[in-house]
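Structural characterization, general
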Amino acid sequence: MREQVVPGILGLPEGCHAVKRIVLTGYRGTGKTEIGKILALAYAVPFLDSDSLIEQKTGRSIPDIFHEDGEERFRDIERNVIATLPAADAIISTGGGAVVDPANMVSLRKDSVVVLLTSDIDTIEQRIARSPRPPLTNLPLHEEIAEMLDRRRQHYHASSDFCMDTSGTTPVAAAEKIMSMLKNGIPSAAARADGLAFFRGGRLPAPVLQRLEQILNTPPADPKIRILGVAGYPCAHSRGPGLFNRLFTDFHLNNYYTFFEDPDIGRIMQVAKAMDVKGLSVTIPFKQDVMQFLDEVDEHAAQQIGAVNTVVFACGAAIGYNTDWLGVRKPLVHLKGAKAVLLGAGGVASAAAYALMDLDMDVTILNRTPANARALAQRSGCRWAAWDAFDHIHPDLVVNATPLGMEPDTRSPLAEDQLYPDLTVFDLVYTPPITPLIERALATGCKTITGTGMFVEQAREQFYLWFGIDITAEDLRKYLP
Ligand code: NAP
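The model shown is predicted, which means the values in this text are computed figures rather than measured ones. (Residues numbered from 1 in each chain as written. Predicted model: local features only at pLDDT ≥ 70, side-chain atom pairs only at ≥ 80, totals over all residues. Heavy atoms only, no water.)

**Brief notes about the site of the ligand**
Close contacts around the ligand come from 23 residues, with Ala 345, Val 348, Asn 367, Thr 369 and Asn 372 the closest. A distance of 3.4 Å separates an oxygen atom of the ligand from a polar atom in the backbone of Phe 455. With the chains in place, 80% of the 930 Å² that the ligand exposes on its own is no longer accessible. Top element by residues in the shell around the ligand is helix α20 (residues 451-467). It accounts for three residues. Classifying every residue of the shell around the ligand by side-chain character gives twelve nonpolar, eight polar and three charged. (Near = heavy atom within 4 Å. Polar contact = N/O pair within 3.5 Å; in protein donor to acceptor, adjacent residues only side chain to side chain. Areas by Shrake-Rupley, 256 points an atom, 1.4 Å probe, with all protein chains shown as cover. Helix = DSSP H or I, 4+ residues; strand = E, 2+ residues; numbered from the N terminus. Nonpolar A, V, L, I, M, F, W, Y, C, P; charged D, E, K, R; others polar.)

**Things to note about the sheet that holds strand β15 (residues 397-400)**
With respect to topology, six strands assemble into an open sheet ordered β14-β13-β12-β15-β16-β17, the strand pairing being parallel. Strands with a single pairing partner mark the edges of an open sheet, and in this sheet they are β14 (383-385) and β17 (447-449). Pairs of neighbouring strands in the sheet enclose a mean axial angle of 20 degrees, with direction left out of account. Taken together, the three bridges between strand β16 (residues 424-427) and β17 define a ladder with parallel strand orientation. What sits directly across from Val 425, in β17, is Thr 448. In the packing of helix α16 (residues 347-358) onto the sheet, the strands contacted are β12 (339-343), β13 (362-366) and β15, and the crossing angle to β12 comes to about 175 degrees. The sheet strands contacting helix α17 (residues 370-380) are β13 and β14, and the helix crosses β14 at an angle near 170 degrees. (Pairing = 2+ DSSP bridges. Axes fitted to C-alpha atoms, helices over the stretch in contact; angles between N-to-C directions. Contact = heavy atoms within 4.5 Å.)

**Some details on the nonpolar core**
Grouped together as the largest cluster of nonpolar side chains are 69 residues, with contacts concentrated most on Phe 260, Leu 280, Val 311 and Phe 463. Broken down by element, the residue count for this core peaks at seven residues, all from α20. Both domains that furnish three or more residues to this core are identified here as domain 1 (9-184) and domain 2 (189-322). In terms of nonpolar packing, the next biggest core, distinct from the first, is built from 33 residues, Val 328, Ala 352, Val 363 and Leu 376 among them. (Core = buried A, V, L, I, M, F, W, Y, C linked by side-chain atoms within 4.5 Å. Buried < 20%, exposed > 50% of the residue type's maximum accessible area, 1.4 Å probe, protein only. Domains from an automatic or database assignment.)

**A few points about the environment of Asp 362**
In this structure, Asp 362 sits in strand β13. In this structure, the C-alpha to C-alpha distance between Asp 362 and Gly 381, residues 19 residues apart in sequence, is 9.8 Å. Within polar-contact distance, the side chain of Asp 362 engages the side chain of Arg 383 at 2.9 Å.

**A word on the domain arrangement of the protein**
Taken as a whole, the protein is organised into domain 1 (9-184), domain 2 (189-322) and domain 3 (326-449). Summarising the inter-unit geometry, the C-alpha centres of domain 1 and domain 2 are found 27 Å apart. Listed as interface residues are 24 residues of domain 1 and, on the opposing side, 19 residues of domain 2. Surface buried jointly by domain 1 and domain 2 totals about 1,900 Å² across both partners, of which 56% is contributed by carbon and sulfur atoms. Taken together, the connections running from domain 1 to domain 2 amount to one salt bridge. Of the charged contacts, one joins Glu 296 and Arg 153 as a salt bridge, the two residues approaching to 2.7 Å between their closest N and O atoms. If you look at where domain 1 meets domain 2, you find five residue pairs in polar contact (both at pLDDT 80 or more). Those elements that provide at least two residues to the side of domain 1 that touches domain 2 are α6 (102-109), β4 (112-118), α8 (141-158), β5 (162-165) and α9 (171-184). (Buried area = accessible area lost by both parts, 1.4 Å probe. Salt bridge = Lys/Arg side-chain N within 4 Å of Asp/Glu carboxyl O.)

**A word on unusual backbone geometry**
The linkage connecting Thr 218 with the following residue, Pro 219, adopts the cis geometry, with an omega of -5 degrees. Its identity as a non-glycine residue notwithstanding, Asp 111 has a phi of 50 degrees, on the positive side. For Asp 111, the position within the fold is in the loop between α6 and β4. A positive phi angle, near 55 degrees, is found at Asp 276, a position not held by glycine.

**Let's talk about the environment of Glu 125**
Within the fold, Glu 125 resides in helix α7 (residues 121-128). In sequence terms Glu 125 and Glu 143 are 18 residues apart; their C-alpha atoms lie 9.7 Å from each other. Excluding residues within four positions of it along the chain, Glu 125 makes contact with Leu 141, His 142 and Ile 145. Of note is the side chain of Glu 125, whose polar atom sits 2.8 Å from the side chain of His 142.

**With respect to the pattern of salt bridges**
Once their charged atoms are close, side chains differing in charge can pair, the charge on each being opposite to the other. Counted according to the given criterion, the structure contains 24 salt bridges. The salt bridge partner of Asp 111 is Lys 20, with a shortest N-O separation of 3.8 Å. Of this pair, Asp 111 sits in the loop between α6 and β4 while Lys 20 sits in the loop between α1 (7-11) and β1 (21-26), and the two are 91 residues apart along the sequence. Judged by relative accessible area, Asp 111 falls into the buried class, the value being 9%. Where Arg 60 meets Asp 69, a salt bridge forms, and the shortest distance between an N and an O atom there is 2.6 Å.

Okay, structure coming up:
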């Protein structure tokens, strides 16, 4: 299985991102050490195991560190060791819990391809039953593995560029399969051709199409690059590509974010799955319809919100999340328990209602079509009223979740004389950045939060779900196009 490797561990075609390291993540007993050593031999590069490096550095065994200093201290040492791993060609194996720490993900993802190793619970139990490692819970081993896999699942998915189930395979067979995946990529030539036809049929700017042709041609220029994108109709106005591609460059991630613009979400999902896309942002009009094409939906999205704006593709599954509600919630945490009016009863209003209720607010929904306000109020446990009831409520907060004021519309949902200085106005519309409503609110002395505040927070959550990297809202703003 020895492979001829050109300079750079994985043979880097011109114009492609410089992947220097293969990082193996996954629970204990999934084969990271054995498979890592075989890969290191095959690629003729060093093998580095973060747990062994911790033992060397401290002169103590990991059970001793856990026993004497506790898990928190162990995680500190682990973070330092991972941050100082060499940037040069290497195979790196990480401890099973390393992926939970976002700082580790920044270090491990840099110029690297991350392969998540998985196994079924029985196999893991068999492989680690005689290990001297201390337990992480008070549960019996089988239950502990199930519990920890469940707790870390989202982090493992965020850490996976490629996924490999090692149950029932030998380490050599698993290593060979990984090498083949990294050499050839996951999508078939037919899937790449179909993907290209999809993008050529859209209205992508020429440089975007050129980049996609480079990625999707057969043989592919770089089979390790994973595509992400915004799915909507229309979505050519989206700020996603500008934002995420800048983040990919700065965080040294081998990914490309593009537009999936098509009237049929079924077709988008079929192309995305066949091309082994890593993630999608979902926008108007697909936030509800996309749910029928998902294997799983996160509880927040599935429960009262009933809409998905983020899809993570990992280990063969398409998993839906909603980050819109967090985008509304985070800028409002200081207003917990406030009296709020929510204008609108559509998709984003549904996420906003969930966020406001989560902050224990007293929420009244006002909407152009009262029946829709009533339906959302019943679903989310809020009050509802006719649109003109605003002046009788005297809220602390008003959230605009209608498109009023969104370019080219220049209307404001509220008149200036309906606003007052101790009111906080949160306009979810973000084009233009200062809407007619925000302009009026500023003129009246209200506190204001713009739609960019929501966009930044929800995009930050998406980045975390896809890559496990937790960037601050302040830092993310620097990348906005
Ligand atoms: P949606 O599902 O189409 O819902 C629109 C809502 O606005 C409905 O309740 C609708 O009332 C109401 N509405 C529409 N036109 C109106 C008008 N002329 N006068 C009064 N009410 C009107 O749209 P959505 O997905 O919820 O998006 C709403 C807005 O949120 C978007 O326009 C966008 O600007 C903003 N948004 C912001 C972000 C961000 O990150 N900041 C993200 C996504 C969306 P009916 O029930 O009567 O139809």
